[in-house]
Structure formats: structure tokens, C-alpha cells
Amino acid sequence: MGSVIIGTGVALPSRVVTNDDLSAIMDTSDEWIRSRTGVQQRHIADPGVGASDLAAEAVAEALRNAEMAPQDVDVLITATMTPDQYAPGIAGMVQERSGLGHIAAFDLRQQCGGYLYGLDLADALLASGKARCVVVVGAEVHSGYMPYGASWEILRGERPGPVDPVDHAAATEARGWAVLFGDGAGAAVLTTEEDPGTGFIGSVLRTDGSHADLIEVLGVGFRHQPYVDTAQLEARAHWPSMNGMELFRQAVICMPAAVREVLAETDLTIDDVSLVIAHQANDRILDAVRKQLGIDAELIPSNIARYGNTTAATLPILLHEQQAAGRIRPGSLVCFTAFGAGAHWGASLYRVPGTR
Ligand SMILES: CC(C)(COP(=O)(O)OP(=O)(O)OC[C@H]1O[C@@H](n2cnc3c(N)ncnc32)[C@H](O)[C@@H]1OP(=O)(O)O)[C@@H](O)C(=O)NCCC(=O)NCCS
């Protein structure tokens, strides 16, 4: 019995912020962002919209496309690093808003690796017979991290300017990471198919906690008493801190290694793979992964120009787009790979149901 994806859906806030828009509120440029990362714009949620809202929208579309009713779902897996609130996580909110039954629903915290972990867990639940229909959704609202202050009003077109110098300085201080991220959600509905050769046929999931400091948010945590205070906020402990260069290096080492490992485990080679759905953090990372695997550029598509890095949502958004473009062909082999904060990474292989 194989676990197969029978429907996908996405949710992207309608508001778009371009690199030029960001250049108006901090010291950066379209040229810098585009040449270093490939990002040209990102979708931005309005205040009051949380990851759970985008997740519920993506789940609704995925269920429609799968021609399944909310009552058919018996497990919901939500992956996010930007939950609506500190606790509880978003799983219950998405379960309730999506009209799902009183099913098992839980959050994963594997950041950019979250969706890959979610797919593997869904496969395990389906393969064991513990579940018959699982929804996996990745959703992020990164905008809450961005220290843009009153400059948000300029980005939202509510007033023309000028930018307050204090807001400009804070945004510029954050530019190393703030320009990379965008908001969005993607979901997939999985169920089982009789043919044992189809669906998820192999996976490798890896963690190395010694790399947790490559990208982390140190503030607002229970090692600190009280768990949040003004001293932490003044020290910017609630901002992500990132070692971009080393993160880049590890992503480029770990993703191809995981792909090679899962191929070896399944007695397949890279020549058997029709499509690599890779985490969208940076076009230069994708390019390095492509070179290491020795594959053509069209086999490892990118949509980072339009969305930036949407963390747990990048894999399902790209999957949905590739599905819509007719690139998830019957009988073909799709490889998923991701690397994220933790560090958590891995790769999995998915044989699309149907014959070529
Ligand atoms: C972040 C990243 C794009 C930076 O690229 P880079 O070529 O390593 O650039 P550096 O960090 O060395 O910065 C170079 C200079 O640009 C400046 N800079 C940083 N961000 C900038 C921005 N948005 N605009 C303009 N200049 C910027 C830096 O201050 C630095 O200036 P200095 O040399 O005067 O000190 C790259 O390291 C990367 O993509 N890493 C992976 C990040 C990632 O994937 N994060 C998600 C987690 S899964």
C-alpha cells in the first residue's frame, strides 16, 4: 500500500512587497537582494491574519481539489515556526476553522524542514493503518518578525512617507534576514493506494542540534525567568539571529547528501528522478544543489522570486504550482528535500500514481 497525494492547495496574502518597496524603508536594493538570493517580491499578511488563517484557506483548497470532505480527514499535521500565539499551537485552530472532526491534530516545529517531516509522518501513519486520510499543511506569517514600525504604513500604501529615521535604522539592522522571508501556506491531502510501488517509497530525515545556532530566535523562552521581559526585547532577543554564510554552506552539503542517501537506500539513481521539489531559501543554494546532483536546471524548479522563503510552506506551494503546470506526471519520481533551522533536513522519494 502506498501513501499518495490526492489534492493540494495554497493561500497567499494578496498584498505584495517588492524589493524596491523595501529599499524605500531600509538601506538595501533590488540589485543586492536579487543577485544574492533570487527574491524579487514577497506576499505579506495584514495585521490580524495568522498562520492558522492561511493554513485553513490552503486546507480548504486542498480538500476541494482532492474531492474530499472535512469529515474524511482523520489526522491533521500543521508545520509552522510563526504560530498565531505562544500556546497552544495552530493545529486546533486549523482543525476547528476547517470543519474537521475531533481528530488527532498536532504541530511540528522543524522550521524549513517542517513540511518534509510532516509528509514522512503522514506516510508512516497511513502505512501503519493508523490513519486513512491525512492533511499536512505548512503555514507562515513571518511579517510579525519584521521591525518596520510605522514604515509598515508606507509598505501597505497607507501613506507615502517620509520614513522615521528610528524605523529606518531598525529595518536596516534587520536587513540581513528580513528581506529573505515571505508569508504563505500550502497543504496536501494524502490517502492510500493499493499499488505498493506508488507513493512515498523512501525517506531520510536528519537532525544536528549542534547547528541550532545557525538561525535561531533566542528570546521569549522558559530558560529565562520571566520568559519574556523588556530587557530581552531591548536586546532584540525576539529577532531571528542568523549566520547566513554557514547556513548556506550546510544547506548545500546536507540536501544533496540526503538525496544521494535516499536514492542509494531505494536502489535508484538521480537519473530516475523527474523533479526535485527543494526548499526555497535562496536561488544560489538551489543552483549549488543542482550542480552537486548533476541535474539540469529545469529539474529543480524555483519560485523564490515571487514568494521569498516561506519556511514550512515552500515545499507545498511549489508542489501545488508544479501540479498545476502538469509537471507531476503519472509514474514519475519526485524527490523532496529541505534544510532548516534546528538543524533539521532530509529527502524523500515519491512515485506518482499511474503509469507513464
Ligand atoms: C543571507 C545571504 C543572502 C547573505 O549573502 P552573503 O553574500 O553571504 O552576504 P553577507 O552576509 O556576507 O553580507 C555582505 C554585505 O552585505 C550587507 N547586507 C546584508 N543584507 C543586506 C541587504 N538586505 N541589503 C544590502 N546589503 C546587505 C552586509 O551588511 C554585508 O556588508 P559588509 O560587507 O559591509 O559587512 C546568504 O548568506 C544566504 O542566503 N544564506 C542562507 C540564508 C537562509 O537560507 N536562511 C533561511 C534559513 S533555512
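Since we're looking at a predicted model, the values are computed, not measured. (Residues numbered from 1 in each chain as written. Predicted model: local features only at pLDDT ≥ 70, side-chain atom pairs only at ≥ 80, totals over all residues. Heavy atoms only, no water.)

In terms of domains, the chain is made up of domain 1 (2–193) and domain 2 (199–351). Taken together, the contact between domain 1 and domain 2 spans 53 residues of the former and 49 residues of the latter. Overall, the association of domain 1 and domain 2 removes approximately 4,000 Å² of surface from exposure, summing both partners, and the carbon and sulfur fraction of that is 66%. A salt bridge links arginine 236 to glutamate 173, with the nearest nitrogen and oxygen atoms 3.1 Å apart. At the boundary of domain 1 and domain 2, one finds 19 residue pairs in polar contact (both at pLDDT 80 or more). Of the residues in the side of domain 1 that touches domain 2, the class split is 24 nonpolar, 20 polar and nine charged. (Domains from an automatic or database assignment. Contact = heavy atoms within 4.5 Å. Buried area = accessible area lost by both parts, 1.4 Å probe. Salt bridge = Lys/Arg side-chain N within 4 Å of Asp/Glu carboxyl O. Polar contact = N/O pair within 3.5 Å; in protein donor to acceptor, adjacent residues only side chain to side chain. Nonpolar A, V, L, I, M, F, W, Y, C, P; charged D, E, K, R; others polar.)

The next thing to look at is helix H7 (residues 165–173). Here H7 has its buried residues at Asp167, Ala170, Ala171 and Thr172. Along its buried surface, H7 packs onto helix H6 (151–155) and helix H8 (175–178). Structurally, the start of H7 carries an N-cap: the backbone nitrogen of valine 166 is 2.7 Å from a side-chain oxygen of aspartate 164. (Buried < 20%, exposed > 50% of the residue type's maximum accessible area, 1.4 Å probe, protein only. Helix = DSSP H or I, 4+ residues; strand = E, 2+ residues; numbered from the N terminus.)

So, about the side chain of glutamine 280. Checked against the element boundaries, glutamine 280 lands in the loop between strand E11 (275–278) and helix H11 (283–293). A distance of 3.4 Å separates a polar atom in the side chain of glutamine 280 from the backbone oxygen of proline 301. If near-sequence neighbours (up to four positions away) are discounted, glutamine 280 is found in contact with Leu286, Pro301, Ser302, Asn303, Ile304, Gly308, Asn309, Thr314 and Leu318.

Space inside the largest pocket adds up to approximately 1,100 Å³. Along the walls of the largest pocket sit 30 residues, with Met81, Pro83, Arg109, Tyr145 and Val217 positioned nearest its centre. The volume enclosed by the second largest pocket comes to roughly 680 Å³. For the lining of the second largest pocket, the secondary structure elements donating two or more residues are helix H2 (30–37), H8, strand E10 (241–242), helix H10 (244–265), H11 and strand E12 (333–340). With six residues, the top contributor of residues to the lining of the second largest pocket is H10. Across the lining of the second largest pocket, the residue classes break down as 20 nonpolar, ten polar and two charged. (1 Å grid on protein atoms, 1.4 Å probe; cavity = no way out; pocket = protein on both sides within 12 Å on 5 of 7 lines; lining within 4 Å. Points joined across faces, edges and corners; volume = space filled by probe spheres on them.)

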